[in-house]
Amino acid sequence: MPGEQTRVRGAVGLRHVDQEVAEYVWQPVDLPRHVSPRPFLHPVRTLDGVAVTELMPSDHPHHLGVSIAVPDLAGHNFWGGRTFVRAQGPTRLDNHGTQRHDGWVSRTPESIVAALAWAAPDGTVLLRERRRMAAVPLTPECWALDLSFELTNVTAEPLAFASPATNGRTDAGYGGFFWRAPRSTARTAVFGPRRRGVRHLHGRRGDWLALTGATGPDARWTLVFVPVDERARADRWFVRTGDYPGVGSCLAWERPLVVPTGGTLRRRIITIVADGTLTVDRAVRLAAAATAHATDG
């Protein structure tokens, strides 16, 4: 049911020092085809144990914690839900792809590298993926999820990554890295280095972006998203705080992104997971620390 924990056959935890802070579900079960089944991270928690992801919420059952999801890959839906069709709008189509776990490249308590295959509805593999997730200690008060992915086109033709925005829906440039946060008992807010609010940050580029919320009076949290490679920094932010709280880094906002046969698309984003509501100055310092970690690593 939407909003409930899906059953899993395979999951592995990510640890920060001696504490499990995230669970990577590499083999979920009971996911219907229309959510575009895929591995995901959920729950992700702060060091105080506050959950900062949501799984299959009733408003968007195809939102699966933290995942890599694309609404239009060569006409196939790897996001879930309806497909935006030009001159027609959101349409229910039987075009949902599946991401499947293909094996482990490496695995430690603090770091996971997994191999995945992206398959079209007929089973044809379009992409081979290498996904790395690591729990990084930044300060005694917070930790960071270092997530990178490499998507390689294994077909005989170029593959186009598209979005509702490229297909005609204004400002709907989602697809790629996406973090679905939990609904907040307080106002969910978003801010960047110089501006705050969805109006000023959605669809724009930036060195970092922070989302804050609360799931209780003593359960305030802040997520700071930091694109740490040149290609990720060139992507635009997709931001929601009203109808639901979520942040993504869009692969195709103005035009489709075409990957040639044998070509590989790479992105890396570090997300700082902190208790409490951070100030802009604190977010700036933590974003700098995350960038330094990426440079050193």
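Thresholds, definitions, all that
Along each chain, the written sequence defines residue order, and numbers are assigned to residues from 1. The predicted nature of this model means local features are confined to residues of pLDDT at least 70 and side-chain atom pairs, given and counted, to a pLDDT of 80 or more, with totals for whole chains, interfaces and linings taken over all residues. Excluded from the side-chain calculation are hydrogens and water; included are all heavy atoms of the structure. Using protein atoms alone on a 1 Å grid, points that fit a 1.4 Å probe yet trap it form a cavity, whereas open point sets bounded by protein on both sides within 12 Å along at least five of seven lines form a pocket; residues with an atom within 4 Å of a point count as lining. Grid points are joined across faces, edges and corners, and a volume is the space filled by probe spheres set on the points. A run of DSSP states H or I qualifies as a helix once it reaches four residues; a run of E qualifies as a strand once it reaches two. Both are numbered from the N-terminal end. Each residue gets one of three labels, nonpolar for Ala, Val, Leu, Ile, Met, Phe, Trp, Tyr, Cys and Pro, charged for Asp, Glu, Lys and Arg, and polar for the others, Gly among them. Among buried residues, the Ala, Val, Leu, Ile, Met, Phe, Trp, Tyr and Cys ones that are joined through side-chain atoms within 4.5 Å form a nonpolar core. Any residue under 20% of the maximum accessible area for its type is buried, any over 50% is exposed, and the rest in between are partly exposed; the area is computed with a 1.4 Å probe on protein chains only. Two aromatic rings from Phe, Tyr or Trp, using only the six-membered ring of Trp, form a pair when their centres are within 6.5 Å; if the ring planes differ by under 30 degrees the pair is stacked, by over 60 it is edge-to-face, and anything between is tilted. Comment: the charge-over-ring label is applied if NZ (Lys) or CZ (Arg) is within 6 Å of the ring centre and within 35 degrees of the ring normal.

- As recorded by an unreviewed UniProt entry, the protein carries the name PmoA family protein and is attributed to Plantactinospora solaniradicis.

**What about the layout of surface pockets?**
Part 1 of the argument: As a volume, the largest pocket reaches approximately 540 Å³.
Part 2 of the argument: The wall of the largest pocket is formed by 29 residues, among which His60, His62, Arg82, Arg169 and Tyr174 lie closest to the centre.
Part 3 of the argument: Those elements that place two or more of their residues in the lining of the largest pocket are strand 4 (66–73), strand 6 (83–85) and strand 17 (236–240).
Part 4 of the argument: Across the lining of the largest pocket, the residue classes break down as 11 nonpolar, 11 polar and 7 charged.

**Re the nonpolar core**
Part 1 of the argument: In this structure, Leu41 and Trp179 are the most contacted members of the largest nonpolar core, which totals 51 residues.
Part 2 of the argument: For this core, the leading source of residues is strand 11 (residues 142–153), giving 5 residues.
Part 3 of the argument: Grouped together as the second largest cluster of nonpolar side chains are 18 residues, Val228, Ala274, Leu278 and Leu286 included.

**Some points on the packing of aromatic side chains**
Part 1 of the argument: Throughout the structure, instances matching the rule amount to 10 aromatic pairs.
Part 2 of the argument: Here the aromatic rings of Phe78 and Trp118 are separated by 5.1 Å at their centres, their planes lie at 40°, and the arrangement is tilted. Here the residue Phe78 occupies a position in strand 5 (residues 76–78), and Trp118 occupies one in strand 9 (residues 111–119), the gap between them amounting to 40 residues. For the pair Phe78 and Trp118, one class covers both residues: buried.
Part 3 of the argument: Taken together, the ring pairs in this structure connect Trp79, Tyr174, Phe178 and Phe238 into an aromatic cluster.
Part 4 of the argument: The aromatic ring of Trp104 is capped on one face by Arg107, whose charged end is 4.9 Å from the ring centroid.

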